[in-house]
Amino acid sequence: GKGGGRGGPWNVLVDQDGEYEISLRRWPMQVDAPVSAALPAAKTTVGTYPVGVGFPIAKARLTVGGEDQTKPVAADDRAAIFHVKLKAGTKTQLHGWFQDATGKDLCGAYYAYVKRQ
């Protein structure tokens, strides 16, 4: 959240060659809310989460391992899902963020779920 409209990247080391599915989200999987949704404050066993602000998200962008991809995001999408080929031993940064319809950067992806295909 402190990285401005793009958020910040994650440092990664690719363990195996292959195609990877990278799912960018604003909310964790278990919340099952659209990336553009506002969420009410929530009290949990570990504390209270503040109100989650909604954004007019229309696109998602991902950069990783020399790849730079942008894809549309529908109002009810829970995630933006990308597929990239990565080589073992690559040290890189995975950076994902969301944009409005004009391409203005709105916020970084708070969650990135990665799995090898």
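Details of the structure are given in the entry above.
Predicted model only: the values in this text are computed from it and were never measured. (Residues numbered from 1 in each chain as written. Predicted model: local features only at pLDDT ≥ 70, side-chain atom pairs only at ≥ 80, totals over all residues. Heavy atoms only, no water.)

1. Observations concerning the packing of aromatic side chains
Both the distance between ring centres and the angle between the ring planes are used here to describe each pair of aromatic rings. Rules: Side-chain rings of Phe, Tyr and Trp, where Trp is taken by its six-membered ring, are said to pair if the distance between their centres is within 6.5 Å; with planes under 30 degrees apart they count as stacked, over 60 as edge-to-face, and otherwise as tilted. Each residue is placed in one exposure class: buried if its accessible area under a 1.4 Å probe, protein chains only, is under 20% of its type's maximum, exposed if it is over 50%, and partly exposed if it falls in between. Charge-over-ring placement is defined geometrically: NZ (Lys) or CZ (Arg) within 6 Å of the ring centre, and within 35 degrees of the ring normal.
Taken as a whole and judged by the stated rule, the model has one aromatic pair. Residues Y111 and Y113 carry aromatic rings whose centres are separated by 6.4 Å and whose planes lie at 15° to one another, so their mutual orientation is stacked. The exposure class of Y113 is partly exposed, given its relative accessible area of 27%. In this structure, K71 is placed above the aromatic ring of F82, and the distance from its NZ or CZ to the ring centre is 5.4 Å.

2. Let's talk about the environment of D77
Worth spelling out the cut-off: Strands here are runs of E lasting at least two residues and helices are runs of H or I lasting at least four, both read from the DSSP assignment and numbered beginning at the N terminus. For this analysis, residues touch if any pair of their heavy atoms sits within 4.5 Å. Distance and chemistry together define a polar contact, namely a pair of N or O atoms within 3.5 Å, with one atom able to donate a hydrogen and the other to accept it when in protein, and with adjacent residues in sequence counting only for side-chain atoms on both sides.
With respect to the secondary-structure elements, D77 resides in the loop between β6 (67–72) and β7 (80–86). Considered as a pair, D77 and A109 are 32 residues apart in the sequence and their alpha carbons are 14 Å apart. What D77 contacts, discounting residues up to four positions off in sequence, is P34, V35 and P72. In terms of polar contacts, D77 uses its side chain to reach the backbone amide nitrogen of A74, at 2.8 Å.

3. Here's the deal with the pairing of strand β9 (residues 105–108)
Operational definition: By the convention used here, strands pair only if DSSP detects at least 2 bridges between them.
In this structure, strand β8 (residues 91–99) lies alongside β9, joined through three bridges in antiparallel fashion. What sits directly across from F98, in β9, is C107. Once β8 ends, the chain turns through five residues before running back antiparallel as β9, passing G103 with a positive phi of about 95°.

4. So, the nonpolar core
Note the cut-off: Here the nonpolar core consists of buried residues drawn from Ala, Val, Leu, Ile, Met, Phe, Trp, Tyr and Cys, with membership extended through side-chain atoms lying within 4.5 Å.
Counting 19 residues, the largest nonpolar core has I22, L24, L62, V64, V84 and F98 as the members making the most contacts within it. Taken together, the elements giving at least two residues each to this core come down to β2 (18–25), β5 (59–64), β7, β8 and β9. Counting residues per element, this core draws most heavily on β7, at four residues.

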